[in-house]
Amino acid sequence: MIDFAKRDRRWVQGNIQHLGLLGTAQLHRVSRVHFISGALAYISSLVWLVMLALSTLDAVIRALHANVYFTTQYQLFPDWPIAKTGLITAVISLTLVLLLGPKVMGLIVALCHKRRAFGGTWALLKGAIAEGLFAVLIAPIMMLFHATFVLAVLLGFKVSWDAQEREGRLLPWGEVLSRTGRMAVVAAIWGAVVWHYAPAFFLWILPIVFGLCLAPVLVRYSSSLTLGERAAKAGIFITPNEVDADPSLHLLEQCLAHAAKAAPLSTSPRETWLPNPAPCTMPHSELDIFTARKLA
């Protein structure tokens, strides 16, 4: 997840920079929508964080100050607080449909048409349940990462375009705590304050607080190769290539095994199937010739 966040840090800056191209003449409307949606995909995390902060502030203030039903001295009827339960239910329902709808539809398509390719019905259901729970837990973590990245871009901080690790590796605790330790502490304090002053509101933010408090554990053990192997043995997150290996990969394994047997002990298997080096002088490109003519 840390390496994924490093990649997203670059994407955040690039997508926000695209907003500067919206005023370009003759830019197609579809391209404008594409640029806006790409930027909003990350800016929405900052909006979500601001909404959580304002909602928490409102809940605590309401808990500390009792409702005032008569605001003037000679008021005949009280001012009853209005609970817009219908709007709240509609927002929650729409949010669940947008978040879970694509997952459910993908699961239905896989069960109907590609059940065997993913290890069977039970393997698909186990993978879908595990992925859904994991997505709920890491959503607030990625929200904080993205919100921080957006603020960094808006404040003018530049990103270093270093390549992230692409091989599987178990992240050390030092790196994990340096990246997620502060968010876990802040989440614990946030949850304790809300639980003390507004227990009813705490139940609404419990999944978010729980995911943030578990951030170091989730980030470390989601990078565990051992857990990945155990999940594969348990039939969780099975992919079609694991059920039916691609013929080209199988042929490559056979070639490497044959090359390893035929190669001498002093030569690595990779050196046996690489072509012999053939150094030569690189020809001048057309751009170099064009540039030389222009300078002449």
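Presented here is a report on the structure given in the accompanying data block. Computed from a prediction, not measured in an experiment: that's the story for all the values here. (Residues numbered from 1 in each chain as written. Predicted model: local features only at pLDDT ≥ 70, side-chain atom pairs only at ≥ 80, totals over all residues. Heavy atoms only, no water.)

Let us look at the packing of helix α4 (residues 121-154) against helix α6 (residues 199-213). Following both chains from N to C, one finds α4 and α6 inclined at 75 degrees, their axes separated by 8 Å at the closest point. Classified by the angle their axes make, α4 and α6 are roughly perpendicular. Contact residues: Val136, Leu137, Pro140, Ile141 and Leu144 in α4; Pro207, Ile208, Phe210, Gly211 and Leu212 in α6. (Axes fitted to C-alpha atoms, helices over the stretch in contact; angles between N-to-C directions. Helix = DSSP H or I, 4+ residues; strand = E, 2+ residues; numbered from the N terminus. Parallel < 35°, antiparallel > 145°, perpendicular 65-115°, else oblique. Contact = heavy atoms within 4.5 Å.)

Time to look at α4. For α4, built from 34 residues, the straight-helix expectation of 50 Å at 1.5 Å per residue is met to within 8% by its first-to-last C-alpha distance of 47 Å. At Ile138, α4 is deflected by roughly 35 degrees, the largest bend along its length, and proline Pro140 occurs up to four residues later in sequence. Just beyond α4, the residue with positive phi is Gly156, at close to 95 degrees. (Expected span 1.5 Å × (residues − 1). Bend = angle between axes of the 7 residues up to and from the residue.)

Judged by nonpolar contacts, the single largest core of 35 residues is most densely connected at Val12, Ile141, Phe145, Met183, Trp190 and Leu212. No other element matches α4, which puts ten residues into this core. Once residues within four sequence positions are removed from consideration, Met183 is found in contact with Ile141, Leu144, Phe145, Leu212 and Ala215. (Core = buried A, V, L, I, M, F, W, Y, C linked by side-chain atoms within 4.5 Å. Buried < 20%, exposed > 50% of the residue type's maximum accessible area, 1.4 Å probe, protein only.)

What characterises a pair of aromatic rings is the spacing of the ring centres plus the angle enclosed by the ring planes. Tallying each qualifying case throughout the model produces three aromatic pairs. Look at Phe145 and Phe149: their rings are 6.2 Å apart centre to centre, the planes differ by 15 degrees, and that puts the pair in the stacked class. Residue Phe145 and its partner Phe149 are located together in helix α4, separated by four residues, close to a single helical turn. Look at Phe145 and you get buried, because its relative accessible area is 9%. A residue is classified by how much of its surface remains accessible, and Phe149, at 13% relative accessible area, is buried. (Phe/Tyr/Trp six-rings, centres within 6.5 Å; stacked < 30°, edge-to-face > 60°.)

Right, let's talk about the pattern of salt bridges for a bit. A pair can form between side chains of opposite charge whenever their charged atoms are brought close. A complete count under the given rule lists six salt bridges for this structure. For the salt bridge of Asp58 with Arg62, the shortest nitrogen-to-oxygen distance reads 3.0 Å. Taken together, the positions of Asp58 and Arg62, both in helix α2 (residues 29-64) and four residues apart, correspond to about one turn of that helix. Owing to a relative accessible area of 38%, Asp58 belongs among the partly exposed residues under this scheme. (Salt bridge = Lys/Arg side-chain N within 4 Å of Asp/Glu carboxyl O.)

Along the chain, the position of Arg220 falls in helix α7 (residues 215-221). Once you skip the residues sitting within four places of it in the chain, Arg220 turns out to touch Leu170, Leu171, Pro172, Trp173 and Val176.

Quantified by volume, the largest pocket comes out at close to 1,600 Å³. Forming the boundary of the largest pocket are 32 residues, of which Trp48, Ile92, Thr95, Trp204 and Ile208 lie nearest the centre. Of all the secondary structure elements, the ones that give two or more residues to the lining of the largest pocket are α2, α3 (85-113), α4 and α6. Among the elements that take part in the lining of the largest pocket, α3 stands out by supplying twelve residues, more than any other. Residues belonging to the lining of the largest pocket are distributed by class as follows: 24 nonpolar, four polar and four charged. (1 Å grid on protein atoms, 1.4 Å probe; cavity = no way out; pocket = protein on both sides within 12 Å on 5 of 7 lines; lining within 4 Å. Points joined across faces, edges and corners; volume = space filled by probe spheres on them. Nonpolar A, V, L, I, M, F, W, Y, C, P; charged D, E, K, R; others polar.)

Another aspect to go through is a nonpolar patch on the surface. Together, Ile88, Ile92, Leu96, Leu99, Leu100, Val104, Ile108 and Trp204 give the surface a local cluster of nonpolar side chains, amounting to about 770 Å² of exposed area. Among the elements that line the nonpolar patch, the one with the most residues is α3, at seven residues. In this fold, Leu99 is placed in helix α3. (Patch = residues over 30% accessible without salt bridge, like charges linked within 9 Å, V, L, I, M, F, W, Y side chains within 5 Å. Areas by Shrake-Rupley, 256 points an atom, 1.4 Å probe, with all protein chains shown as cover.)

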